[in-house]
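Okay, here's what each chain looks like letter by letter:
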Amino acid sequence: KIDVKINLKQIAQNIKAYKGRVIFMVKGDAYGHGLVEVSKYAEPLVYGFGVATVDEGITLRENGVEK
């Protein structure tokens, strides 16, 4: 088993480095890092989110993510 930790500050740096609108993909539970947690952190920095299923989009909405 591999223990992976996500660096939210690094994600923010990567988003800010791009000068255009960003659609941030959080499908598959943000690749196992927490769909809602990662989305809430990134929301102020992105134009919108990409998800794989309607249920993922509903989960975001139900947890206060508006983009």
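Above this note sits the structure.
Rules and cut-offs
Residues numbered from 1 in each chain as written. Predicted model: local features only at pLDDT ≥ 70, side-chain atom pairs only at ≥ 80, totals over all residues. Heavy atoms only, no water. Helix = DSSP H or I, 4+ residues; strand = E, 2+ residues; numbered from the N terminus. Rg over C-alpha atoms; globule rule 2.2 N^0.38 Å. Contact = heavy atoms within 4.5 Å. Areas by Shrake-Rupley, 256 points an atom, 1.4 Å probe, with all protein chains shown as cover. Lys, Arg positive; Asp, Glu negative; His and termini not counted. Charge placed at Lys NZ, Arg CZ, Asp CG, Glu CD. Core = buried A, V, L, I, M, F, W, Y, C linked by side-chain atoms within 4.5 Å. Buried < 20%, exposed > 50% of the residue type's maximum accessible area, 1.4 Å probe, protein only. Phe/Tyr/Trp six-rings, centres within 6.5 Å; stacked < 30°, edge-to-face > 60°. Patch = residues over 30% accessible without salt bridge, like charges linked within 9 Å, V, L, I, M, F, W, Y side chains within 5 Å. Salt bridge = Lys/Arg side-chain N within 4 Å of Asp/Glu carboxyl O.

(A) Representation of the overall build of the chain. Regarding its fold elements, the chain presents four helices and two strands. Ordered by position from N to C terminus, the α and β elements of the chain give α-β-α-α-β-α. Expected size for 67 residues packed as a compact globule is a radius of gyration near 11 Å; at 12 Å, the chain falls within 12% of this value. The dimensions of the chain, computed from C-alpha atoms along their principal axes, are 35 × 30 × 20 Å. Here the contacts in the chain between residues at least 6 apart in sequence split such that 54% fall between residues at least 24 apart. Accessible surface for the chain amounts to roughly 4,900 Å². Of this, 53% is attributable to carbon and sulfur atoms. Distance between charge centroids for the chain: 11 Å, based on 10 positive and 8 negative side chains.

(B) Structural context of the nonpolar core. Residues Ile15, Phe24, Val26, Ala42, Val46, Phe49 and Leu60 are the most contacted members of the largest nonpolar core, which totals 13 residues. Mapped onto this core, the elements with two or more residues apiece are α1 (8–17) and α3 (35–42). Ranked by residue count, the leading element in this core is α3, at three residues. The contacts of Val26, once residues within four sequence positions are left out, are Leu35, Val38, Ser39, Phe49, Gly50, Val51 and Leu60.

(C) Examining the packing of aromatic side chains more closely. Inspection of the entire model under this criterion finds one aromatic pair. Taken together, a centroid distance of 6.3 Å and an interplanar angle of 75 degrees make the contact between Phe24 and Phe49 edge-to-face. Pair noted here: Phe24 is in strand β1 (residues 23–25) and Phe49 is in strand β2 (residues 48–50), with a separation of 25 residues, a long-range link. For the residue pair Phe24 and Phe49, the accessibility class agrees, reading buried in each case.

(D) Seen up close, a nonpolar patch on the surface. On the surface, Ile23, Met25, Tyr31 and Tyr47 cluster together to form a nonpolar patch covering roughly 450 Å² of accessible area. Here Ile23 shows up in strand β1.

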